[in-house]
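# Chain and residue survey
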Amino acid sequence: MERRTIGATALAVGAVGLGCMPMNWAYSTSRQRGDESARAVHRALDLGVSLLDTADMYGPFTNELLLGRVLKERRPDAFVSTKVGLLVGEQHIVANGRPGYVKRACDASLRRLQTDVIDLYQLHRADPEVPVEETWGAMADLVRAGKVRALGLCAVGARSGRRSGARLHDGTVRQLERVQQVFPVGAVEAELSVWSPEALRTLLPWCAARGVGFLAAMPLGNGYLTGTLTPGQGFEPEDLRARHPRFTAEMMAANQPIVAGLRRIAARHGDAVTPAQVALAWVLAQGRHVVPVPGTKQERWVTQNAGAADLRLTERDLAEASALPAAQGSWE
C-alpha cells in the first residue's frame, strides 16, 4: 500500500488506516466479537493498513486490550495511535487533563497495548478545568521519556459550544495554536467526508501549512456512505447512530442522493468499485498529509477499504463528489 507521513518527524503509515472503536464501543454492541475483530486487525496489517486508531475510553479499556493481543505478535507491522483525556462514567463522559493523570494513563495504555512505545498519543478532549498547555506539557514529557513518539490533538466536537458566527473548527485551531507553542503537533484527527467537509475550510489548510498530519475520522459517514444502510432500519440503543439526527428514517431517506452520486462515480471505474471506496478515495485526494481512518470490525470491510488506496479518481470524479448535495440533519 502507498505510504504517507505523519508530522514533521515523518512517521510513515499506510495511506488508509483502521479505526478500531466499533470493535468495542458505540456501534452494534450485540455484534461485537473479539476473535472476529482480532482477525480484522491482522487482515489490516497484512494489507499494509498499519495505522491502528484506538483510545483508552473505547470499552473502556477493552479495545486497547484487544489490540494488545495482536500487537504482542505483530508490533513491527503497526503504527499505534491511542488517546487520553476522557473518562467514562455510568451515565456520562468527563474530561481529565491533569498532568499526573495523563502520565498514569499513558503507562496503563502501554500495559494494555503490550508495547513499550505509543507512536501517536492524542489528546481526546481538552479539560476545561486545566490549561491545555499544562496537559500538552505532560504529554511532551512522555515523548522525552521515550514512551511516545509524536503527539496529536482531536478536534473539538460539533456539539461543543461555539462563539456566535464561528466556524466549526475555530476552537480547535485556537487550541492548536496554543499547544504548538509548547511542543510540535504531529497530527490532528477530525471528521472529514463528502457529507462532512467542514475541515476543508480551515483545519486542513492549517495542517498542510505546518507539515501536520491529518487523520480523517468517520470518512464513511458512520457507515452511511457505504450504501449498505437502509432508511428506517433502526439501531441498537447503545449505537451512537440511534441518537444521531442524520440517522432518523426521514434524514436517511433525504440523504440518499449523496449515496446515489457515489454509486455513479463508482460505476465509471468498474463493477467491483463501491461507493465506500469512492468516498475514501475522495478523502485521500484532499492532500498527501491526509490519512482516512474508517472504522470497522470485519475483515471484508477492511479489505474493501484498503482497496480505496488504489482507486484514482479523475478531476471529473472529484468535482462531482465535491458537488454532491449537502447532508441534511446535524447536531445543531
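Located above this text is the structure these notes cover.
Residues numbered from 1 in each chain as written. Predicted model: local features only at pLDDT ≥ 70, side-chain atom pairs only at ≥ 80, totals over all residues. Heavy atoms only, no water.

So, on to the sheet that holds strand β12 (residues 290-293). Overall, parallel pairing links the eight strands, which are arranged β3-β4-β5-β8-β9-β10-β11-β12 in an open sheet. Of all strands in the sheet, those bounded by a partner on one side alone are β3 (18-19) and β12. Of the pairings in the sheet, the one linking β3 to strand β4 (residues 51-53) comprises two bridges and is parallel in character. Bridging across to β4, leucine 18 finds its partner in leucine 52. (Pairing = 2+ DSSP bridges. Helix = DSSP H or I, 4+ residues; strand = E, 2+ residues; numbered from the N terminus.)

A separate point is the pairing of strand β2 (residues 11-14). It is a general feature of regular strands that their side chains alternate between the two faces of the sheet. The sheet contact formed by strand β1 (residues 3-6) and β2 spans four bridges and is antiparallel. Within β2, the residue paired with arginine 4 across the bridge is valine 13. The loop that links β1 with its antiparallel partner β2 comprises four residues; one of these, glycine 7, has a positive phi angle of about 75°.

Once that is clear, we can look at unusual backbone geometry. A cis amide bond links glycine 59 with the next residue in sequence, proline 60, at an omega value of 0°. With respect to the helices, strands and loops of the structure, proline 60 is situated in the loop between β4 and α2 (62-74). Although it is not a glycine, phenylalanine 61 sits at a positive phi angle of roughly 75°. In this fold, phenylalanine 61 is placed in the loop between β4 and α2. On the basis of relative accessible area, phenylalanine 61 is assigned to the partly exposed category, the value being 40%. (Buried < 20%, exposed > 50% of the residue type's maximum accessible area, 1.4 Å probe, protein only.)

Nonpolar side chains tend toward joint burial in soluble globular proteins. Of all hydrophobic cores here, the largest spans 84 residues; its most connected members are Tyr121 and Phe214. When near neighbours in sequence (up to four residues on either side) are disregarded, tyrosine 121 contacts Thr82, Lys83, Val84, Val102, Ala105, Cys106, Met139, Leu142, Val148, Ala150, Leu151 and Gly152. Ranked by size, the runner-up nonpolar core spans eleven residues in total, among them Val13, Phe79, Leu120 and Leu215. (Core = buried A, V, L, I, M, F, W, Y, C linked by side-chain atoms within 4.5 Å. Contact = heavy atoms within 4.5 Å.)

Turning our eyes to something else, we now look at helix α6 (residues 203-210). Turning to α6, its buried residues number three or more, namely Leu203, Leu204, Trp206 and Cys207. The arc that holds the buried residues of α6, viewed along the axis, is 160°, so those residues lie on one side. Of the surrounding secondary structure, the elements contacted by the buried residues of α6 are α5 (170-180), β10 (187-191), β11 (213-217) and β12. Phi for glycine 211, located one or two positions after α6, is positive at around 70°. (Arc of directions from axis to C-beta.)

Per the stated rule, a full pass over the model turns up four aromatic pairs. Both rings, one in tryptophan 195 and one in tyrosine 224, keep their centres 4.9 Å apart while their planes meet at 5°; by these two values the pair is stacked. Highlighted residues: tryptophan 195 in the loop between β10 and α6 and tyrosine 224 in the loop between β11 and α7 (249-254), separated in sequence by 29 residues. By relative accessible area, which is 2% here, tryptophan 195 ends up buried. Among the residues examined, tyrosine 224 registers a relative accessible area of 2% and is labelled buried. Aromatic pair tryptophan 195 and phenylalanine 247: ring centres 5.9 Å apart, planes at 80°, arrangement edge-to-face. Taken together, the residues span a long stretch of sequence, with tryptophan 195 in the loop between β10 and α6 and phenylalanine 247 in the loop between β11 and α7 at a distance of 52 residues. A single burial state applies to tryptophan 195 and to phenylalanine 247, both of which are buried. The structure contains a cluster of three or more aromatic residues connected by ring pairs, namely Trp195, Tyr224, Phe235 and Phe247. (Phe/Tyr/Trp six-rings, centres within 6.5 Å; stacked < 30°, edge-to-face > 60°.)

This brings us to the packing of helix α8 (residues 256-267) against helix α9 (residues 275-284). One way to put it is that α8 packs onto α9 with a least axis distance of 8 Å and a crossing angle of 90°. One element, α8, and the other, α9, form an angle in the roughly perpendicular class. Across the interface between the two elements, Leu262, Arg263, Ile265 and Ala266 from α8 touch Pro275, Val278 and Ala279 from α9. (Axes fitted to C-alpha atoms, helices over the stretch in contact; angles between N-to-C directions. Parallel < 35°, antiparallel > 145°, perpendicular 65-115°, else oblique.)

A word on the pairing of β11. For β11, the buried fraction is high: five of the five residues fall into the buried class. Alternating residues of β11 divide into Gly213, Leu215 and Ala217 and Phe214 and Ala216, and every residue in both groups is buried. Taking the sense of rotation as the criterion, the β-α-β connection linking β10, α6 and β11 turns out right-handed. Where β11 lies against β12, four bridges are found, and the strand directions are parallel. Directly across from alanine 217, in β12, lies its bridge partner valine 293. (Right-handed = clockwise from strand over helix to strand, strands pointing away.)

Within the structure shown, the criterion is met by 20 salt bridges. The salt bridge partner of glutamate 189 is lysine 83, with a shortest N-O separation of 4.0 Å. Of this pair, glutamate 189 sits in strand β10 while lysine 83 sits in strand β5 (residues 79-84), and the two are 106 residues apart along the sequence. For glutamate 189, a relative accessible area of 8% corresponds to the buried category. The exposure class of lysine 83 is buried, given its relative accessible area of 1%. A salt bridge links lysine 103 to aspartate 141; the shortest N-O distance between them is 3.1 Å. In this pair, lysine 103 sits in helix α3 (residues 99-113) while aspartate 141 sits in helix α4 (residues 132-144), placing the two residues 38 residues apart along the sequence. For aspartate 141, a relative accessible area of 34% corresponds to the partly exposed category. Each of Arg264, Arg268, Asp317 and Glu320 takes part in a single network of salt bridges with overlapping partners. (Salt bridge = Lys/Arg side-chain N within 4 Å of Asp/Glu carboxyl O.)

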